[in-house]
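Analysis of the macromolecular model
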Amino acid sequence: MDANGFSENKLDESGVITRNKARLVAKGYNQEEGIDYSETFAPVARLEAIRLLLAFTCMSGFKLFQMDVKSAFLNGIINEEVYVEQPSGFEDHQHPNHLYKLKKALYGIKQAPRQWYERLSSFLLSNGYERGMTDKTFFIKKSNSKIILVQIYVDDIIFGATNDSLCEEFVAAMQGEFEMSMMGELSIFLGLQVKQSKDGIFLSQSKYCKEILKKFEMESCKEASTPMPSSCYMDADVAGKEVDQTKYRGFIGSLLYLTTSRPNIMFVVCLCVRFQTNPKESHLKAAKRILKYLKGTTNVGLWYPSHSPIHLIGYSDSDFCRV
Amino acid sequence: MTFVSQIEPKSIEEALKDDKWVAAMHEGLHQFTRNYVWFLVPKSDQ
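An account of the accompanying structure is given in this report. (Residues numbered from 1 in each chain as written. Chains lettered and ligands numbered in written order. Predicted model: local features only at pLDDT ≥ 70, side-chain atom pairs only at ≥ 80, totals over all residues. Heavy atoms only, no water.)

Side note on the packing of helix 5 (residues 245–258) of chain A against helix 6 (residues 266–273) of chain A
Residue and element names in this part refer to chain A. Selection criterion: Angles shown run from 0 to 180 degrees and are taken between the N-to-C directions of axes, each axis being a line fitted to C-alpha atoms and, for helices, limited to the stretch in contact. In this text, helices come from DSSP runs of H or I with a minimum length of four residues, and strands from runs of E with a minimum of two, each type numbered from the N-terminal end. Each angle receives one of four descriptions, namely roughly parallel if under 35 degrees, roughly antiparallel if over 145, roughly perpendicular if within 65 to 115, and oblique otherwise. Here a crossing is taken to be left-handed if its near helix is turned anticlockwise relative to the far helix by less than a right angle, and right-handed if that turn runs clockwise. Note on contacts: a residue pair qualifies if any of its non-hydrogen atoms lie within 4.5 Å across the two residues. Three residue categories are used. Nonpolar comprises Ala, Val, Leu, Ile, Met, Phe, Trp, Tyr, Cys and Pro, charged comprises Asp, Glu, Lys and Arg, and polar comprises the others, including Gly.
Remark: helix 5 packs on helix 6, axes separated minimally by 10 Å, with the N-to-C direction vectors making an angle of 150 degrees. Judged by the angle between their axes, helix 5 and helix 6 are roughly antiparallel. Pair helix 5 / helix 6 crosses with left-handed handedness. Between helix 5 and helix 6, the residues in contact are Y248, I252, L255 and L256 and V269, C272 and V273, respectively. Considered class by class, the residues forming the contact of helix 5 with helix 6 number seven nonpolar, no polar and no charged.

A word on the sheet that holds strand 3 (residues 64–69) of chain A
All names here are of chain A. Quick note on the threshold: Between any two strands, at least two bridges found by DSSP are needed for them to pair.
Judged by pairing direction, the sheet is antiparallel, and its six strands sit side by side in the order 6-7-8-9-3-10 without closing on themselves. Strands with a single pairing partner mark the edges of an open sheet, and in this sheet they are strand 6 (130–131) and strand 10 (180–185). Pairing geometry for strand 7 (residues 138–143) and strand 8 (residues 146–153), over six bridges, is antiparallel. Residue pairing for strand 8: F139 is matched across the bridge by V150. Helix-sheet contacts for helix 2 (residues 112–126) involve strand 3, strand 6, strand 7, strand 8 and strand 9 (156–161), and the interaxial angle to strand 7 is about 10 degrees. Relative to strand 9, helix 3 (residues 164–177) is tilted by about 150 degrees, and along the sheet it contacts strand 3, strand 7, strand 8, strand 9 and strand 10.

Details of helix 2 of chain A
Residues and elements named next belong to chain A. Heads up, the rule is: One fewer than the residue count of a helix, multiplied by 1.5 Å, yields its expected span. Per-residue accessibility, obtained with a 1.4 Å probe over protein chains only, is compared with the maximum for each type, and a residue is labelled buried under 20%, exposed over 50%, and partly exposed between these values.
If you check helix 2, its first and last C-alpha atoms are 21 Å apart, about what 15 residues at 1.5 Å a residue would give, namely 21 Å. Listed as buried for helix 2 are A112, Q115, W116, Y117, R119, L120, S121, F123 and L124. Once helix 2 finishes, G128 follows within two positions and takes phi at roughly 90 degrees, a positive value.

Describing the nonpolar core
Convention followed: Remark: nonpolar core denotes a set of buried residues (Ala, Val, Leu, Ile, Met, Phe, Trp, Tyr, Cys) joined through side-chain atoms within 4.5 Å.
L106(A), V150(A), I157(A), F170(A), M174(A) and W38(B) are the most contacted members of the largest nonpolar core, which has 49 residues in total. Apart from the residues within four sequence positions on either side, W38(B) is in contact with L24(A), V84(A), P87(A), Y100(A), K101(A), L102(A), K103(A), L106(A), L29(B) and F32(B). Grouped together as the second largest cluster of nonpolar side chains are 27 residues, L255(A), V268(A), A287(A) and I290(A) included.

Observations regarding the interface of chain B and chain A
To keep things clear, this is the line we draw: Summed over both partners, the accessible surface that disappears when two parts come together, traced with a 1.4 Å probe, is what is meant by buried area. When a carboxyl oxygen of Asp or Glu is within 4 Å of a side-chain nitrogen of Lys or Arg, the pair counts as a salt bridge.
The partner chain A presents 35 residues to the 31 residues of chain B that form the contact. Both sides together, the interface formed by chain B and chain A hides about 3,100 Å², and carbon and sulfur atoms give 66% of it. The tally of links between chain B and chain A comes to one salt bridge. Where R34(B) meets E179(A), a salt bridge forms, and the shortest distance between an N and an O atom there is 3.7 Å.

Re the sheet that holds strand 14 (residues 301–305) of chain A
Residues and elements named next belong to chain A. Ordered by their spatial adjacency, four strands build an open sheet running 11-12-13-14, and the pairing between neighbours is antiparallel. Across the chains shown, the open sheet's two edge strands, defined by having one partner strand only, are strand 11 (188–189) and strand 14. The pairing of strand 11 with strand 12 (residues 192–197) spans two bridges and is antiparallel. Bridge assignment links I188 to a residue of strand 12, and that residue is Q193.

A word on the pattern of salt bridges
Where charged atoms from two side chains of opposite charge come close, those side chains can pair. One pass over the full model with this rule turns up nine salt bridges over all chains. Put simply, K70(A) and E179(A) hold a salt bridge, and the shortest N to O gap is 3.9 Å. Highlighted residues: K70(A) in the loop between strand 3 and strand 4 (83–85) and E179(A) in the loop between helix 3 and strand 10, separated in sequence by 109 residues. Given the relative accessible area of 37%, K70(A) is considered partly exposed. Exposure remark for E179(A): the relative accessible area of 31% places this residue in the partly exposed category. Note that E27(B) is salt-bridged to R34(B), the shortest N-O span being 3.8 Å. Its relative accessible area of 36% is what places R34(B) among the partly exposed residues. When salt bridges with common partners are traced through the structure, they connect K70(A), E179(A), E27(B) and R34(B) into a single cluster.

Note that all results are geometric; they support no functional claim without further evidence.
This is how it looks when you write it as structure tokens:
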């Protein structure tokens, strides 16, 4: 049995309120394992997989599209008996003391993400799509020499095919099963800005980068030409002055996400990551230095030229050979 | 676009006083009906 609350948020678009959006969220933290839910795991795509998809489609020369599922979690089917109290202010006049019994998932319910993945993946599988061997959120359908690729990220879906007819067929199938919205060429996905042109694909996070600079009050900082000084030596710095760990971790987390389109900061970010448990002033200084570098290179991103040959090179740790 | 509330309510009581938010909440609940998310049962049922 669950009580519930109303959560409200507004949708802004460049600061303008365009829509009032209300969402009923169940208090899933009251759910008891074994009674109200059992399994909760749901796979999510890795950003590397998204990047690989971009590279592959670029090489193959086809275009990527995106769409999302409206209120995705409401599509997941609940197998356990879960009851929710009537939301206050919206009680049924005839039965004010009745409870709602759930057939589908609600936002906030523990099993909601899993049940949604289950519903979507079984729909795709029954429509002739094959699930990826390693990436369980990647689906592929082949017929003769035609091929369609579908990558799902919870309720966001990116897809591309060798033939337009395959894309149309996929869209029609999805629309028949779910309420879909925001269909079009892939442009913004998880905050990643994707620009597709006939010469190639450009992936950047300039908006996100600007947000980070703002968040950490580094908008008007001096620019640095490199992400770290050439004579950089970092150690635990035991004698150094301690800094706010939460803030430091916030820095690192934001920078890690930015590595999606900025592999050149990967090394120094990973260096900073190591001092998270006991961050000192010297470490924060190094993290800030990265931001100074970003200040001057906000619009830099990854460029995938069309029709460039793909050579797959695999590296592994020598441990991998151990029998 | 003109029928949008400029405030963001902090509580359900506050939201219920605002017609636009009441409409937004109704739309939210309407989604549940459209998706057959739930149905009413008497408390004694469980």
